[in-house]
Amino acid sequence: MLKEPSRERVNPDKIDTTPKRRPDWIRVRAPGGETYEQLQELMRSKSLHTVCEEAGCPNMGECWASGTATFLMLGSVCTRKCGFCDVMHGRPEALDWAEPECVAQAVRAMGLKHAVITSVNRDERKDGGAPIFAMVIRRIRELLPGCSVEVLIPDFKGSIEALRIVMAAQPEILNHNVETVLRLFKSVQPQDRYEWSETILKTAKLLAPHILTKSGIMVGLGEDTDEIKQTMCDLREWQVDILTIGQYLQPSRKHLAIQRYYLPEEFEALKNYGLSIGFKWVESGSLVRSSYHAAEQVRQLSMGHLQAHSSK
């Protein structure tokens, strides 16, 4: 008998996952307000999922109140079981090929200037669900010309064929998170491989130099500063343009424990280091997540990036 999808990741009876007390500088705004409620109703009416809700993003109140959200496609059940993630894990349902239309219609209804699209992993498919990403990018462009699109994609097990499908639709930003440092990769995300992330990010830039690439790192899982900096250097070697660095916040006692909280000045130092080694934009802070300030990034970077590449 198949198990029901679950958010559980680790057994707290086998390892100590006692949550650490959250420091005073990390204050999460509770979601609410008229715009938030309208957006929630829109999502429900179209049977859509957001990673904001599914992953318990700490910025949901701020972002939803301003009318922005990150759409979660390919269903709400992931085939992988990363220890930090609060998205449901298990056997997913069949792909919904009408999902791109529903997401695009919601983007138009919200009147977004920048749409962020992500997904669960669909490892049971050779293409990882890449055609759904391409379909939603193209449909958003048809329904809402001028709306930029950022896609936060899985690693597709390093499949260049799957990546080509997404890149052919020409998103403004191609995002894929490495999440953690090389040493912790297998303990934090046991079904992922660092080399798959490398293949996706390096190849994306080779396929379309004019498209901005982006990645993100969580801290607080047991890495040290030198390992973070090495990961940042790896990302720059892969020609990644935009970097996000945020504090891991433990969703429950059945997820990996937080090893330590980073100080605000440590995040500032990592930001300065990232800019010094060539990132075009670095968001670094306790509550920073992949989509944080995404609209500002694309507005400020895309035009100059396009002009730089068109002049070569």
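Scroll up to find the structure.
Residues numbered from 1 in each chain as written. Predicted model: local features only at pLDDT ≥ 70, side-chain atom pairs only at ≥ 80, totals over all residues. Heavy atoms only, no water.

## Topic: the overall build of the protein
What counts is decided by this rule: Per the convention used, a helix needs a DSSP run of H or I reaching at least four residues, while a strand needs a run of E reaching at least two, with both numbered from the N terminus. Exposure categories follow from relative accessible area, calculated using a 1.4 Å probe and restricted to protein chains: below 20% of the type maximum is buried, above 50% is exposed, and the middle band is partly exposed. Any two residues whose heavy atoms approach within 4.5 Å are treated as being in contact. Here the Shrake-Rupley method, with its probe set to 1.4 Å, supplies the accessible areas, and only the displayed protein chains count as covering residues.
Scanning the protein for helices and strands turns up 11 helices and 10 strands. For the protein, the proportion of its 312 residues judged to be buried stands at 53%. In the protein, once contacts between residues fewer than 6 apart in sequence are set aside, the share between residues at least 24 apart is 76%. Counting every atom, the protein has about 14,500 Å² of accessible surface; 51% of that belongs to carbon and sulfur.

## Some words on the pattern of salt bridges
For clarity, the threshold we go by: The term salt bridge refers to a side-chain nitrogen of Lys or Arg lying within 4 Å of a carboxyl oxygen of Asp or Glu.
Per the stated rule, a full pass over the model turns up 15 salt bridges. With its nearest N and O atoms 2.9 Å apart, the salt bridge here joins Asp 241 to Lys 280. Residue Asp 241 is located in the loop between helix 9 (225-237) and strand 9 (242-247), and its partner Lys 280 is located in the loop between helix 10 (264-276) and strand 10 (281-285); the two are separated by 39 residues in the primary sequence. Residue classification places Asp 241 among the buried positions, given a relative accessible area of 3%. What makes Lys 280 partly exposed here is its relative accessible area of 42%. Connected through salt bridges with shared partners, the residues Arg 80, Asp 123, Asp 155 and Asp 192 form a single ionic network.

## Observations concerning the environment of Leu 270
Tracing the chain through its elements places Leu 270 in helix 10. Judged by its relative accessible area of 4%, Leu 270 falls in the buried class. The spacing of Leu 270 and Lys 229 is 41 residues in sequence and 7.9 Å in space, taken between C-alpha atoms.

## Here's the deal with the packing of helix 6 (residues 160-167) against helix 8 (residues 194-207)
Threshold: Interaxial angles span 0 to 180 degrees and are taken between N-to-C directions of axes, which are lines fitted to C-alpha atoms, for helices over the stretch in contact. Note on angle classes: values under 35 degrees are labelled roughly parallel, values over 145 roughly antiparallel, values of 65 to 115 roughly perpendicular, and the remainder oblique. The hand of a helix crossing depends on one turn: near helix anticlockwise from the far one by less than a right angle means left-handed, and clockwise means right-handed. Basically, the charged four are Asp, Glu, Lys and Arg, the nonpolar ten are Ala, Val, Leu, Ile, Met, Phe, Trp, Tyr, Cys and Pro, and anything else, Gly included, counts as polar.
Relative to each other, helix 6 and helix 8 sit at 45°, their axes nearing to 10 Å. Considered as vectors, helix 6 and helix 8 are oriented oblique to each other. By crossing handedness, the relation of helix 6 to helix 8 is classed as right-handed. The residues of helix 8 that touch helix 6, namely those facing Ile 160, Leu 163, Arg 164 and Met 167, are Thr 199, Ile 200, Thr 203, Ala 204 and Leu 207. Looking at side-chain class alone, the contact of helix 6 with helix 8 contains 6 nonpolar, 2 polar and 1 charged residues.

## Some thoughts on the packing of aromatic side chains
Keep this limit in mind: Any two of the Phe, Tyr and Trp rings considered here, Trp counted by its six-membered ring, make a pair once their centres fall within 6.5 Å; the pair's planes then place it as stacked at under 30 degrees, edge-to-face at over 60, or tilted in between. By definition here, charges over rings are those cases where NZ of Lys or CZ of Arg is within 6 Å of the ring centre and within 35 degrees of the ring normal.
According to the stated counting rule, one finds 4 aromatic pairs in the structure shown. Centroid distance Phe 185 to Tyr 194: 5.3 Å. Interplanar angle 85°. Geometry classified as edge-to-face. Just as Phe 185 is buried, Tyr 194 falls in that class too. Here the aromatic cluster, defined as three or more aromatic residues joined through ring pairs, consists of Phe 185, Tyr 194 and Trp 238. Positioned above the aromatic ring of Tyr 273, the side-chain terminus of Lys 229 is 4.8 Å from the ring centre. The side chain of Arg 236 reaches across the aromatic face of Phe 279, ending 5.6 Å from its centre.

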